[in-house]
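What the coordinates show
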Amino acid sequence: MTGRLPFAPAFDHLVYVRVFEGCNLHCEHCFIPSNPKKMSDSDLVAIPEKVRQFAKPGAQILLQWHGGEPTIFGAQWLNEAIEKVEAAGPDFHWQHGIQTNLMTYNDDWVPVYKQHFGGEVGVSWDPIIRLMRRGDPESNQKYEEQFWKNFEKLLSDNLDPYMVVTFTGTFVQHFKDPYRFFQMMEEKGVKRVHLERVTRTGYARDNWDRVGLNNAEYSAAMSRFMRAYALYCQSR
């Protein structure tokens, strides 16, 4: 595993593209409550014009396809969306990143990820708090089974995932021994992990007593994880 940022290539501007604010999961810490708002074709084609308001011709633009769940409309839709943006903005050099919960992953995604994302796929995973159905904690088990099945396929398809995990109160309690987390990631074939601090917005606000961390709790827990990781690396 490494603490390297998900995208090492240099870029001049990072632009988040919130494709769709709906999702096929209910995550108790999510900062974007699910709703039907989505981008239209005209919204996509307008992206380069908006970028021209702050970027110079020839600039390296990293588009981070985001949501909700950005893969919800399928691989063909995202492939065509990327092509529309690039066709409308030939004066820029485009790079693409994505963060997906991996629930929609199948063979259709392989050429899209390889052609437009350089084979790198950001995947989100969290213990306990990701549910297939709102208010049904038992549906987390079904989520876990589907996620890791798709993750194994992603690896077998020669794609390069990096894991995004939200550093929540639930996560800290679940992995009281940080070594368990490091060992689990290695056993699953995860080579890169990004720990992202939970924010008190969206669904997280409603569940803050379980998922939340105040500043002191976050600092103490993250320091403990980093010290443990240093020792873990020394022991390898």
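Preceding this section is the structure that the text describes.
The text that follows walks through the structure, step by step, so that each part is easy to find. Quantities reported herein were computed from a predicted structural model and do not represent experimental measurements. (Residues numbered from 1 in each chain as written. Predicted model: local features only at pLDDT ≥ 70, side-chain atom pairs only at ≥ 80, totals over all residues. Heavy atoms only, no water.)

Focus: the side chain of Arg-130
- Tracing the chain through its elements places Arg-130 in strand S6 (residues 130–131).
- Judged by its relative accessible area of 8%, Arg-130 falls in the buried class.
- Within polar-contact distance, the side chain of Arg-130 engages the side chain of Asp-126 at 2.8 Å.
- Sequence-distant contacts of Arg-130, that is, excluding residues within four places in its chain, are made with Leu-25, His-26, Cys-27, His-29, Asn-101, Ser-124, Trp-125, Asn-140 and Tyr-143. (Helix = DSSP H or I, 4+ residues; strand = E, 2+ residues; numbered from the N terminus. Buried < 20%, exposed > 50% of the residue type's maximum accessible area, 1.4 Å probe, protein only. Polar contact = N/O pair within 3.5 Å; in protein donor to acceptor, adjacent residues only side chain to side chain. Contact = heavy atoms within 4.5 Å.)

Some points on the side chain of His-116
- By the secondary structure assignment, His-116 is in helix H4 (residues 109–116).
- Taking relative accessible area as the criterion, His-116 reaches 11% and is therefore assigned buried.
- Ignoring any residue separated from it by four or fewer positions in sequence, one finds His-116 in contact with Asn-79, Ile-82, Glu-83 and His-96.

Overview of unusual backbone geometry
- A cis amide bond links Gly-67 to the next residue, Gly-68, at an omega of 15°.
- The backbone phi angle of Asn-158 is positive, close to 60°, even though this residue is not glycine.
- Residue class for Asn-158 comes out exposed when judged on its relative accessible area of 64%.

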